[in-house]
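# Structural overview for review
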Amino acid sequence: MNKFNYLSNSNPEYIEDIYSRYLKNPDDIDQTWRYFFEGLELGYEADTELLEEIEATLGQSLHRKAVTSVDLSAEAKVADLINAYRERGHLIAQTNPIFPNQKSHPLLALDHFGLSDKDLDKTFTAGKFLGLGTASLKDIIFRLREIYCSSIGVEYTHIKDPKMRGWLVEKMESSGNKETLSSEQKRNILSRLADSEAFEKFLHTRYVAQKRFSIEGAEGLIPTLDRLFEIAGQTGATDICLGMAHRGRLNVLCNIFGKKVEHILTEFEQDYQYDEKSMGEGDVKYHMGFSSDIKTKLGHDLHLSLANNPSHLAFVYPVVEGVTRSKQRRRGEDRSKVIPIVIHGDAAFAGQGVIYETLNLSQVDAFTTGGTVNIVINNQIGFTTNPEDARSTTYATDVARMLDIPVFHVNGDDPEALSYVAKLSMEFRQTFKSDVVIEIVCYRKYGHNESDEPAFTQPLMYSLIKKHPSPHQTYANKLISESVIDDAAVEADFKDKIDALVEAQKKTREEKPAPYVSAFGSVWQKYRRPSDADLFEVIDTSFEKKRMINIAESIAEVPAGFSINPKIQRMLEARLEAIKSNEGIDWGNAENLAYATLLIEGHSVRLTGQDVERGTFSHRNAVIFDSKNGSRYTPLEKLCTQDQFVLVKNSTLSETGVLGFEYGWSLGDPNVLIIWEAQFGDFANGAQVIIDQFIASGESKWQRASGIVLMLPHGYEGQGPEHSSARLERFLQLCGRANMTVANLSTPAQLFHALRRQVKRDFRKPLIIMTPKSGLRHPEMISNLDEICGGHFKELIDDPRFSDQDASKVRKVLLCSGKIYYDLIAAQREQKNSNDVAIIRIEQLYPWPEAQIVTCLNRYTQVKEFCWVQEEPRNMGAWLFVQAFFNGGYRDLSSQLGNRPLNYYGRGTGAAPAVGSAKLHKKEQGFIIDEALS
């Protein structure tokens, strides 16, 4: 057996790299490694066979130096033991405040390394690894347990970056993985624990059985956040973007953000005058966000913002990242200035796929925020589910090991350990611009909410919790034993805090304040809530024609020496020719012109999605690649000033994570046109939580406006069930209270004006566009330059063939939306008897353009009935939404239209969006068109 197998088992590439650097320059490596290699080399002549074995393991020769009496075999065993504690010491760390951790582990036993109790008093130079110098094995083990097996367990040996590993080793081993606090610092921590506990006890007794998702059992979160903010400010941060789950949210709002207790209590009292106009539909108190400015104990100013989040707790994670990145962009992409901190539940961190998706964004250029401090509050139970049923891994945090980041497991009853880890974690984040994970191993004093009975499902755990002293009591006892404080001072401090809460409740009941509403502040100051009339205001989205041609010429040019693909070159030339000739401008051309004109006018543009650079259907080509060297060229970038940017970037294969990120960015900067494009429209299914809980309802629940745009390829071309429908019906079901715009556009000019209108308005609403597929190259889905430069967005397009006089001759009116319009007009040309059928396009389905529709349809006085035509099955698409306006439902228009009904032409009901056979699809499509025109 190789005596030095530890050199290969414990990350051989790492050791070989260090040894190679040692051979070149011994002073270039960590001191402990230098001592070790020097010790090995000193023994060369004493044991040639042993040294040859070491050389064989490393695959290179060692220096040969003087004889020494060092027992290299024994030293190697101790070095192996040290590395084992670094790697596996967390397995016996005393991190669980409720259940005792195991005291030993077979892989850390002395006999596993060829050592025994007889060696405990022997001295070893390997102690230099730990800063002990030559030390007894007993002292080495004591030091290792102090560092790696006390209240802090740390996982870091999976990190491949030697600088990160070396930094962590030096910080933890030189300090014993702890810090010495002054009596004042200890009393401050105790007072903060008292703040946290007093708040929860007051609510528990004054608002019995009201849900609040108490922090009790994890009160250590409060001093942990205090220390994170303190070090953040010390290392240059100005802003913290925080996202968190329910548990402890009210406590954090009160004791960290400084939200007035009266504003929290009035949400319990529910005795205020409700203002629907300013408060929307609202949300429960433990979902609401907040922002404030604080000063840290070291005197640094920080702006704190807490993101709103729904009950789908983990999904706020990518949203916080997007908000953070937008703020970093406004601060010159300085990752040190704006820091994201996200607080997770243990079951969600292990169980929700959005966690992986967002972690995977952390080092991707278009999405990185320079590292997130992830805090996992491990209650050791998920609602009523035990850990063995909630995950397949040892730790709830194991998914984070996919990244080269440290993971700290900390006993929630040890606030000093939490404070130290918070300091270390923030310093690591600021040094390496990388994520870090802090798992607070704690418990939940009550059930999932305060009306739940956890003893039904976890009787053993809750019998222990019932007898367990709170973190505040535990730490108070420790400080009393250290003579840092006495019983009377502890009791007096706690009583003062309760008295202040009682006084706040009295004030709340007397004054009955409405809940605090924060909206349209900071970068949103020039924006407003629109009225219903504002939604249909004609916005000037025109652009001067000569200037447009100049812009088109500019973005059609490629740099000198750039080897462009001949097909791309022809595309650029064709686009420019279409613009100059005032005809034949297709979808991709109009889209790029919209971006270009917005850039010229001072806006920025960000477009992400799985294949957006080229476009899934090769229609966009906003990013061009050199045919010889693969370098990238984005023509639109030449239009940006120093303060602007255009980013068209492919994303990871993620819907939830990426769309959540883009939604977050849209909250952080309303001046940027933010677009997420799905590879196919139905891929948006993968981000349904972001759509339902944030995009569709965020403004009404939380008074947070967003101008995000979703481009969802949609249209029936015989490709089967999975790539036909963008599920238009689902978006229409989510429409209400003028919450967003849903459009199915039929011309490139309409796209141009819709995108420009999106940022030209002085309010923001999400825009959902059903974009074409085959229409991207349809010879008739084109616009001319006059329509683009001189027009504006139209919610409805009437049939241009029928003047007011000719409209009286029309016998039938078809209403439709999107690509099927082109199928109808093509068939109409072939069927000469259908020239008295008018075809009207509803471009904007929501907000429903009622006035335009009534005016338009009343032109056709001889028509007895109207008909809706769609490609989608009857139970999908827009039919169920549209017919409710005509035939009774949302708003009955029949009386305004002479009681003429709306009939249906389309597919029957279906379980899937489309058939799998292209032949059957063609037959169905032909039947719909024939019936509509008959």
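What you see is a predicted model; the values in this text were computed from it and never measured.

## Some thoughts on the overall build of the protein
Assigned secondary structure in the protein consists of 33 helices and 24 strands. Taken over the C-alpha atoms alone, the protein extends approximately 110 × 75 × 50 Å along its principal axes. In the protein, which comprises 934 residues, the share counted as buried stands at 59%. Counted over contacts in the protein with a minimum sequence separation of 6, partners at least 24 positions apart contribute 79%.

## Regarding the sheet that holds strand β10 (residues 436–441)
Within a sheet, each strand pairs with its neighbour through backbone hydrogen bonds, oriented either parallel or antiparallel. Taken together, the 8 strands give an open sheet; going across it, the order is β3-β9-β10-β8-β7-β4-β6-β5, and neighbouring strands pair in mixed fashion. The outermost strands of the open sheet, each flanked by one partner alone, are β3 (152–155) and β5 (290–295). Ignoring which end each strand starts from, the neighbouring axes of this sheet average 20° apart. Two strands pair when backbone bridges link them, and β3 and strand β9 (residues 407–411) are joined in this way by 4 bridges, in the antiparallel orientation. Bridge assignment links Glu-155 to a residue of β9, and that residue is Val-407.

## What about the sheet that holds strand β23 (residues 866–873)?
Judged by pairing direction, the sheet is mixed, and its 5 strands sit side by side in the order β19-β21-β20-β23-β24 without closing on themselves. Looking along the sheet, the strands with just one partner apiece sit at the ends: β19 (796–797) and β24 (902–907). Pairing geometry for β23 and β24, over 5 bridges, is parallel. The partner of Cys-867 across the bridge, within β24, is Asn-903. Against the sheet, helix α33 (residues 918–933) makes contact with β20 (812–816), β21 (837–842), β23 and β24, and its axis sits at roughly 160° relative to β24, the strand it touches most.

## So, the nonpolar core
In this structure, Leu-710, Leu-712, Val-813, Trp-848, Tyr-860, Trp-868 and Phe-886 are the most contacted members of the largest nonpolar core, which totals 91 residues. Ranked by the residues each element gives to this core, the list is headed by helix α24 (residues 656–668), at 6 residues. In this structure Tyr-860 touches Asp-798, Asp-799, Phe-802, Ala-807, Val-810, Val-813, Ala-838, Ile-840 and Arg-900, once residues within four positions along its chain are discounted. Grouped together as the second largest cluster of nonpolar side chains are 90 residues, Ile-82, Leu-110, Ala-126 and Leu-265 included.

## Notes on the packing of helix α8 (residues 183–206) against helix α20 (residues 487–511)
Remark: α8 packs on α20, axes separated minimally by 9 Å, with the N-to-C direction vectors making an angle of 45°. As the angle between them shows, α8 and α20 are arranged oblique. Crossing of α8 over α20 shows right-handed handedness. Here Leu-190, Ser-191, Ala-194, Asp-195, Glu-197, Ala-198, Phe-199, Lys-201, Phe-202 and Arg-206 of α8 lie close against α20, whose contacting residues are Val-490, Asp-493, Phe-494, Lys-497, Ile-498, Leu-501, Val-502 and Gln-505. Within the contact of α8 with α20, the residues separate by chemical class into 10 nonpolar, 2 polar and 6 charged.

## A look at the environment of Gly-916
With respect to the helices, strands and loops of the structure, Gly-916 is situated in the loop between β24 and α33. For Gly-916 and Pro-721, which are 195 residues apart along the polypeptide, the C-alpha to C-alpha distance reads 6.1 Å. If near-sequence neighbours (up to four positions away) are discounted, Gly-916 is found in contact with Gly-720 and Pro-721.

## Observations concerning the packing of helix α30 (residues 820–830) against α33
At a minimum axis separation of 10 Å, α30 and α33 run at an interaxial angle of 65°. Judged by the twist between their axes, the crossing of α30 over α33 is right-handed. For the pair formed by α30 and α33, the contact residues are Ile-820, Asp-823, Leu-824, Ala-827 and Gln-828 on the first element and Gln-925, Ile-928, Ile-929, Ala-932 and Leu-933 on the second.

## Comments concerning α20
Under the 1.5 Å per step criterion, the end-to-end length of α20 is 37 Å for 25 residues, consistent within 8% with the ideal 36 Å. Residues of α20 that are buried: Val-490, Phe-494, Lys-497, Leu-501, Ala-504, Gln-505 and Thr-508. Residues of α20 that are buried sit in contact with α8, α11 (261–269) and α19 (471–481). In the stretch just after α20, Lys-512 is the one whose phi turns positive, near 50°.

## Section: the environment of Leu-464
Mapping Leu-464 onto the fold places it in helix α18 (residues 459–467). Along the chain, Leu-464 and Phe-99 lie 365 residues apart, while their C-alpha atoms are 8.4 Å from each other. When sequence neighbours within four positions are dropped, the list of residues in contact with Leu-464 reads Ile-98 and Phe-99.

## Focus on the pattern of salt bridges
Scanning the model with the defined rule gives 58 salt bridges in all. One salt bridge in this structure joins Arg-907 and Glu-924, with 2.6 Å as the shortest N-O distance. Separated by 17 residues along the polypeptide, Arg-907 in strand β24 and Glu-924 in helix α33 bring together distant segments of the chain.

## Quick look at the packing of aromatic side chains
A complete count under the given rule lists 23 aromatic pairs for this structure. Here Phe-617 and Phe-680 contribute two aromatic rings whose centre-to-centre distance is 5.4 Å and whose plane-to-plane angle is 85°, an arrangement assigned as edge-to-face. Here the residue Phe-617 occupies a position in the loop between β11 (604–609) and β12 (624–625), and Phe-680 occupies one in the loop between β15 (672–677) and α25 (688–695), the gap between them amounting to 63 residues. The class for Phe-680 is buried, based on a relative accessible area of 11%. Within the aromatic cluster, the residues linked to one another by ring pairs are Tyr-846, Trp-848, Phe-881, Phe-885 and Phe-886. Above the ring of Phe-367, the side-chain terminus of Arg-606 is found at 5.3 Å from the ring centroid.

Cut-offs and rules
- Residues numbered from 1 in each chain as written.
- Predicted model: local features only at pLDDT ≥ 70, side-chain atom pairs only at ≥ 80, totals over all residues.
- Heavy atoms only, no water.
- Helix = DSSP H or I, 4+ residues; strand = E, 2+ residues; numbered from the N terminus.
- Buried < 20%, exposed > 50% of the residue type's maximum accessible area, 1.4 Å probe, protein only.
- Contact = heavy atoms within 4.5 Å.
- Pairing = 2+ DSSP bridges.
- Axes fitted to C-alpha atoms, helices over the stretch in contact; angles between N-to-C directions.
- Core = buried A, V, L, I, M, F, W, Y, C linked by side-chain atoms within 4.5 Å.
- Parallel < 35°, antiparallel > 145°, perpendicular 65-115°, else oblique.
- Left-handed = near helix turned anticlockwise from the far one by under 90°.
- Nonpolar A, V, L, I, M, F, W, Y, C, P; charged D, E, K, R; others polar.
- Expected span 1.5 Å × (residues − 1).
- Salt bridge = Lys/Arg side-chain N within 4 Å of Asp/Glu carboxyl O.
- Phe/Tyr/Trp six-rings, centres within 6.5 Å; stacked < 30°, edge-to-face > 60°.
- Lys NZ or Arg CZ within 6 Å of the ring centre and 35° of its normal.

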